[in-house]
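# A look at the structure
Read off the chains here:
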Amino acid sequence: MGFTCGIVGLPNVGKSTVFNALTAAGAEVANYPFCTIEPNVGIVDVPDTRLSLMADVIKPKKVTPTTLQFLDIAGLVKNASKGEGLGNQFLGHIRNVDAVAHVVRCFDRENVVHVSGSVDPARDVDVVNTELILADLESLEKRIVKAERLIKTGNKEMAEKLDTYRKVYQALDEGRTARTLAVEREESKVLADLQLLTAKPLFYVANVEENSLDGGRYLKALQEKATKEDVPVVPICGELEAEIAQLAESEREAFKRDFGIEESGLERLIRIGYEMLDLVNFFTTVSSELRAWTVPNGTAAPVAAGRIHSDMERGFIRAEVISCGDFLACGSEHAAREKGLLRSEGRDYRVRDGDVIHFRFNV
């Protein structure tokens, strides 16, 4: 799987519409708060033109792309961290995702109520971010109390962690998110173990009107705020993208051309997600199956092999590697080997985006 992305935001901002656009999963969409009770889960294939190009060359019996999982999490409201609305149960769902897509309403529509009575992207962003910060503060308070108790029993390791806990707590108490905090290498390990909501990589999804894909005052206001926070913004017309998702594959490109859409919302979201999480795809061609796999950039070859099966990591011998470009140019692994383009790499090799790899291992 590529990564797991949680979709959050205030009620009635179009989260489920955007979810449907990205996954074509048919989540319920209605004009009232908390339409989503349990998280809707959708798994989608990650588009990669290299897969289809390779499939045209080697004619595999099966082609398996890597996937991306979306969780449509119920709308957060002011004081959600204290149980307001549907409260903490939904904040908990966010702790399990790799990245957060914060959907922000950037459109006017009288028949779609706004929980605050008006559309204001900057204010709406602050409401959600504040609730995430408050939830993290509550979580950290419990950690600090526990750490102080353990230190009294002589736990020296916990004393080092407590310093990091207090550093992060102070930043949160000042209204800063954990992801903006500069930490040392050892502190980053402690921070990762905390699973804080505001430490998750985040980007804003501007849900805009069909005629405002390239601008509009609400989108500009969100972009100005996001620039100050150094957070990416992905403009999407949820309703338009949902229409595209319902079309047959052969009709989608023509529809996108008619509306001047060069890249679908899903494609933009995946691209931003891969960049934020620093992910790469590699490929395997085993047993007549062409398959894509996702790992963090710089993953060691044995660890990448372990993504396929733990036995392959334990018994790793070497990786036979060729770039996708060279593979396509040669037309086969055999031809690449004859031209000296297929390399034998050891345990220290770091997987690169587009590598075609055959792992050798002992059972």
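Small disclaimer: the values here were computed from a predicted structure and weren't measured.

The rules behind the values
Residues numbered from 1 in each chain as written. Predicted model: local features only at pLDDT ≥ 70, side-chain atom pairs only at ≥ 80, totals over all residues. Heavy atoms only, no water. Helix = DSSP H or I, 4+ residues; strand = E, 2+ residues; numbered from the N terminus. Buried < 20%, exposed > 50% of the residue type's maximum accessible area, 1.4 Å probe, protein only. Areas by Shrake-Rupley, 256 points an atom, 1.4 Å probe, with all protein chains shown as cover. Core = buried A, V, L, I, M, F, W, Y, C linked by side-chain atoms within 4.5 Å. Contact = heavy atoms within 4.5 Å. Salt bridge = Lys/Arg side-chain N within 4 Å of Asp/Glu carboxyl O.

Our next topic: the overall build of the chain. Along the chain, the regular secondary structure elements total 14 helices and twelve strands. Residues classed as buried in the chain amount to 48% of the 363 residues present. As displayed, the chain offers around 18,000 Å² of accessible surface, 47% of which is attributable to carbon and sulfur atoms.

With that settled, consider the nonpolar core. Leu68, Phe70, Ile94, Phe203 and Tyr204 are the most contacted members of the largest nonpolar core, which has 53 residues in total. With six residues, the top contributor of residues to this core is strand E6 (residues 202-208). In this view, leucine 68 contacts Phe3, Thr4, Cys5, Gly42, Ile43, Val44, Val46 and Ile270; residues no more than four positions away in its chain are not counted. Counting residues in hydrophobic clusters, the runner-up holds 17 residues, among them Ala147, Met158, Leu172 and Val190.

On to unusual backbone geometry. Phi is positive for glutamine 195, close to 50°, though the residue is something other than glycine. Looking at the secondary structure, you find glutamine 195 in the loop between helix H6 (185-194) and E6. A relative accessible area of 40% places glutamine 195 in the partly exposed class. Despite not being glycine, serine 287 shows a phi value in the positive range, around 55°. Look at serine 287 and you get exposed, because its relative accessible area is 70%.

Inspection of every chain in the model, using the stated rule, returns 21 salt bridges. The residue arginine 217 makes a salt bridge to aspartate 108 at a minimum N-O spacing of 3.5 Å. Residue arginine 217 is located in helix H7 (residues 217-229), and its partner aspartate 108 is located in the loop between strand E5 (99-106) and helix H4 (121-151); the two are separated by 109 residues in the primary sequence. Across the salt bridge formed by arginine 337 and glutamate 320, the nearest N and O atoms sit 3.4 Å from each other. Taken together, the residues arginine 337 in helix H14 (residues 333-338) and glutamate 320 in strand E10 (residues 316-323) connect sequence positions 17 residues apart. Here glutamate 320 falls in the buried class, since its relative accessible area comes to 5%. Three or more residues joined by partner-sharing salt bridges are found here, namely Arg318, Glu320, Glu333, Arg337 and Arg360.

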